[in-house]
Amino acid sequence: MQSDKVKITVQLEGIRDFLVEIDPSRKREVLKAQETVNSMVKSWSAANSSWTPLEVMGRVAFRLAQVYEQLNKVDENLRSLLESSQQELDKIILGMKP
């Protein structure tokens, strides 16, 4: 049975609110993401008063994209390590025939 989706209004600094439809189990994740973006926008705006709201949001988006790519690389490296470890374990186990 598929769980019902819930609608959440996302409120980000400097842009119009928008609705997202998510699985209820992801509500905390979405609210934390909203909090993270708003915190970054507020602190970067305060530290760089010459930046326009669009520049701030663009820089926040770019930084979050960098983090996303870094995490993808970590994931790729971990998957590769797990795969090579599995192959090594298979060789050890299969090589230990009685």
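Residues numbered from 1 in each chain as written. Predicted model: local features only at pLDDT ≥ 70, side-chain atom pairs only at ≥ 80, totals over all residues. Heavy atoms only, no water.

Q: Account for the nonpolar core, with residues named and values stated.
A: Listed in full, the 11 residues of the largest apolar core are Ile8, Val10, Leu12, Ile22, Val30, Val37, Met40, Val41, Val56, Met57 and Val60. For this core, the secondary structure elements donating two or more residues are strand E1 (6-10), helix H1 (27-47) and helix H2 (53-94). The biggest single contributor to this core is H1, with 4 residues. With residues up to four places along the chain from it excluded, the contact list for Val37 reads Leu12, Met57, Val60 and Leu64. (Core = buried A, V, L, I, M, F, W, Y, C linked by side-chain atoms within 4.5 Å. Buried < 20%, exposed > 50% of the residue type's maximum accessible area, 1.4 Å probe, protein only. Helix = DSSP H or I, 4+ residues; strand = E, 2+ residues; numbered from the N terminus. Contact = heavy atoms within 4.5 Å.)

Q: Could you give an account of H1, with specific residues and numbers?
A: Its 21 residues give H1 an end-to-end C-alpha distance of 30 Å, which sits within 8% of 30 Å, the value for a rise of 1.5 Å per residue. Those residues of H1 not exposed but buried are Val30, Gln34, Val37, Asn38, Met40 and Val41. The buried residues of H1 occupy an angular sector of 160 degrees when projected down its axis, which confines them to one face. Facing away from the buried side of H1, by more than 90 degrees, are the exposed residues Arg28, Lys42, Ala46 and Ala47. Those residues of H1 hidden inside the fold are in contact with E1, strand E2 (18-22) and H2. (Expected span 1.5 Å × (residues − 1). Arc of directions from axis to C-beta.)

Q: Describe the layout of surface pockets, naming the residues involved and giving the relevant values.
A: There is about 200 Å³ of room inside the largest pocket. Along the walls of the largest pocket sit Val10, Leu12, Phe18, Arg26, Glu29, Val30, Ala33, Gln34 and Val37, which together make up its complete lining. Per-element tally for the lining of the largest pocket: the top contributor is H1, with 5 residues. Here the lining of the largest pocket is built from residues that sort into 6 nonpolar, 1 polar and 2 charged. (1 Å grid on protein atoms, 1.4 Å probe; cavity = no way out; pocket = protein on both sides within 12 Å on 5 of 7 lines; lining within 4 Å. Points joined across faces, edges and corners; volume = space filled by probe spheres on them. Nonpolar A, V, L, I, M, F, W, Y, C, P; charged D, E, K, R; others polar.)

Q: Tell me about the side chain of Gln34, and name the residues and values.
A: Mapped onto the secondary structure, Gln34 falls in helix H1. Aside from chain neighbours lying at most four places away, what touches Gln34 is Thr9, Val10, Gln11 and Leu12.

Q: I'd like a description of the environment of Val6, backed by residues and values.
A: Mapped onto the elements, Val6 comes out in strand E1. Judged by relative accessible area, Val6 falls into the partly exposed class, the value being 29%. The sequence separation of Val6 and Ser50 amounts to 44 residues, and the corresponding C-alpha distance is 39 Å. Once residues lying within four places of it in the same chain are set aside, the contact partners of Val6 are Val20, Glu21, Ile22 and Pro24.

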